[in-house]
Amino acid sequence: MLTSQSGKSAETAVEDIERVPAEDSILVTLETHEDPQKMSALRRWIAVFVISLGALCATSASSMAAFTETGIAEAFHVSREVTILGVSLFVAGLGVGPLLVGPLSEVYGTYDYPALISYILFLIFTFPIAFAPNITVFLIFRLLTGFCGSAFLSVAGGSVSDLFPDSKVVNPMGVYTASPFIGPTLGPLIAGFINQNIDWRWTYRIDLCWIFVQCILLFVFVPETYAPVLLKKKAARLRKQTGNPKYYAPLDRRQGNLASAVLISCYKPFQLLLFDRMALLLNTWNALLLGILYLAFQAFPIIFQDKHHFNLQMTGLSFLGLGIGMLLALSTLPLWNRLFEHKAKQFDGAYPPEVRLIMGQYFDLLFPTGLFWLAFTTYSGIPWIVPIIASVPLGAGIFFSFMSTFMYLVTAYRPISASAMASNSALRCIFAAAFPLFAGPMYDRLGTVGATALLAGLTTLMAPLPFIFFRIGERLRMKSPFAVH
């Protein structure tokens, strides 16, 4: 049974609060020095970088497995199709995990339980992967590590938004948004050098070291940021110090017991997907884009290993173009800040969340542009640097598309931003897990030119979607029972 700091059970403490007449109750508020948004800029930015590094670590681990497939096939005597499951199961875990971890943060907070404990389990469950005796153990724990590492694809977005007001959230959200997408490009770079020179198991042993360091950084530098949980802790502290049961926080007056509160929170992402049309539209758009991106990733080894005769470590470096594109996009955030400040003046200081979607409108075309460029420069007679340059606009397009969505979700659904991010993460990771499974047959049948051009055509058809979302967004948001009106 859960107990409060005073030694009473959580249920008994709540009963004591409920027996206090409403007119005698004392609602707890945060002092300036207790408000996460009033911490020093340095401390908040350190927290943002540590959180972003956690997301980078988790998503890098997803793509590292692609470069261990040959070693795994030889060690465990399985086919290449089975080894691909190492990536797909991890990404599936990344998708399913936020459906539980994200909503729990709205009951327990974003840090103490969901984030730190899940990352510690991420560390523990990576050991059986690094020392797996057979393919079954390897695949089971790849799924579990994806599940545990997923906290930083949902909870983290809520933490970043908790640290900054809406008017200042663009830059930190940009850093956070870039990190989980740079991860899949950084993973091949690291894994390529490792697998070219030493045994494949060292990929996961080095990953273990990174996760261990990340756990220490989280423990030292990232505070609890969710205001309702901070208020609940403060109320409990004041009741203990004064012996006065009149102090309470809004979470203390939540109807039902703790189990029902957790259950309600856990199905909130499903409610968003099923009953909130704007959230469903944005999440489906993001899911299709990420699934197509993971499909396009399959072209890189074919282009650079088969046609340009790159070794493993050089093939890993071929993903740098994507990362450079994302960093270039990230560097434009000061310009976006000026735009949003101008919009704020137009709307008397508080512009609607739909303004955030402008970023996706005008740069969404970079995605199909990069794919078309990549598709028609895959011939062996074309210098290898050309398809790498083609991946730069592809990386920038991914950043702008997801950045616009993430900013919209954390502002339009601020009270439940972790659940909103969880619903997005779940759907897009499920697509990213499934799409690579049919990449092999598709590229074998259509070739790198045909298959990649097909993906480019699909993303071109989706290019008008941000304009449509901007036009209908406010109307759908006003009808939503979950969004800010």
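In what follows, the structure referred to is the one given above.
Residues numbered from 1 in each chain as written. Predicted model: local features only at pLDDT ≥ 70, side-chain atom pairs only at ≥ 80, totals over all residues. Heavy atoms only, no water.

(A) Here's a closer look at the packing of helix H19 (residues 366-375) against helix H20 (residues 385-412). Viewed as axis vectors pointing N to C, H19 and H20 meet at an angle of 160°, and their least axial separation amounts to 7 Å. The angle between H19 and H20 places the two elements in the roughly antiparallel class. Every pair of crossing elements has a handedness; the one defined by H19 and H20 is left-handed. Seen from H19, the contacting residues are Leu366, Phe367, Gly370, Leu371, Trp373 and Leu374; seen from H20, they are Val386, Pro387, Ile389, Ala390, Pro393, Leu394, Ala396, Gly397, Ile398 and Phe400. Residue classes in the contact of H19 with H20 are distributed as 14 nonpolar, 2 polar and no charged. (Axes fitted to C-alpha atoms, helices over the stretch in contact; angles between N-to-C directions. Helix = DSSP H or I, 4+ residues; strand = E, 2+ residues; numbered from the N terminus. Parallel < 35°, antiparallel > 145°, perpendicular 65-115°, else oblique. Left-handed = near helix turned anticlockwise from the far one by under 90°. Contact = heavy atoms within 4.5 Å. Nonpolar A, V, L, I, M, F, W, Y, C, P; charged D, E, K, R; others polar.)

(B) Geometry of the packing of H19 against helix H22 (residues 439-462). Here H19 crosses H22 at 165°, and the two axes come no closer than 8 Å. Here H22 runs roughly antiparallel to H19, going by the angle between their axes. Every pair of crossing elements has a handedness; the one defined by H19 and H22 is left-handed. Note on element contacts: H22 touches H19 through Val449, Thr452, Ala453, Leu455, Ala456, Gly457, Thr459 and Thr460, opposite Phe367, Pro368, Leu371, Phe372, Leu374 and Ala375. Across the contact of H19 with H22, the residue classes tally to 10 nonpolar, 4 polar and no charged.

(C) Representation of the packing of aromatic side chains in the model. This model, assessed by the stated rule, comprises 23 aromatic pairs. Arranged with centres 6.4 Å apart and planes meeting at 75°, the rings of Tyr408 and Tyr413 form a pair that is edge-to-face. Look at Tyr413 and you get buried, because its relative accessible area is 0%. Counting every residue linked through ring pairs, the aromatic cluster contains Phe300, Phe304, Phe310, Phe319 and Trp384. The side chain of Arg205 reaches across the aromatic face of Trp202, ending 5.1 Å from its centre. Lying over the aromatic face of Phe340, Arg356 brings its terminal NZ or CZ to 5.0 Å of the ring centre. (Phe/Tyr/Trp six-rings, centres within 6.5 Å; stacked < 30°, edge-to-face > 60°. Buried < 20%, exposed > 50% of the residue type's maximum accessible area, 1.4 Å probe, protein only. Lys NZ or Arg CZ within 6 Å of the ring centre and 35° of its normal.)

(D) Molecular detail of a nonpolar patch on the surface. A cluster of nonpolar side chains, Phe212, Val213, Ile216, Phe219, Val220 and Phe221, forms an exposed patch at the surface whose accessible area comes to about 600 Å². By the element assignment, Ile216 lies in helix H9 (residues 201-221). Since its relative accessible area comes to 42%, Ile216 is described here as partly exposed. (Patch = residues over 30% accessible without salt bridge, like charges linked within 9 Å, V, L, I, M, F, W, Y side chains within 5 Å. Areas by Shrake-Rupley, 256 points an atom, 1.4 Å probe, with all protein chains shown as cover. Salt bridge = Lys/Arg side-chain N within 4 Å of Asp/Glu carboxyl O.)

(E) The side chain of Thr459, seen in detail. Topologically, Thr459 is positioned in helix H22. Sequence-distant contacts of Thr459, that is, excluding residues within four places in its chain, are made with Leu289, Ile292, Phe367, Pro368 and Leu371.

(F) Structural view of the layout of surface pockets. The computed volume of the second largest pocket comes to approximately 650 Å³. The wall of the second largest pocket is formed by 27 residues, among which Ala66, Glu69, Arg80, Gln298 and Pro301 lie closest to the centre. Mapped by element, the contributors of at least two residues to the lining of the second largest pocket are helix H3 (69-76), helix H4 (80-108), helix H8 (170-197), helix H13 (277-297), helix H14 (299-307), helix H15 (312-317) and H22. Considering only residue class, the lining of the second largest pocket consists of 16 nonpolar, 7 polar and 4 charged. (1 Å grid on protein atoms, 1.4 Å probe; cavity = no way out; pocket = protein on both sides within 12 Å on 5 of 7 lines; lining within 4 Å. Points joined across faces, edges and corners; volume = space filled by probe spheres on them.)

(G) Spatial organisation of the environment of Glu224. Locating Glu224 in the fold gives a position in the loop between H9 and helix H10 (227-242). Owing to a relative accessible area of 9%, Glu224 belongs among the buried residues under this scheme. Taking C-alpha positions, Glu224 is 9.8 Å from Leu163, a pair spaced 61 residues apart along the chain.

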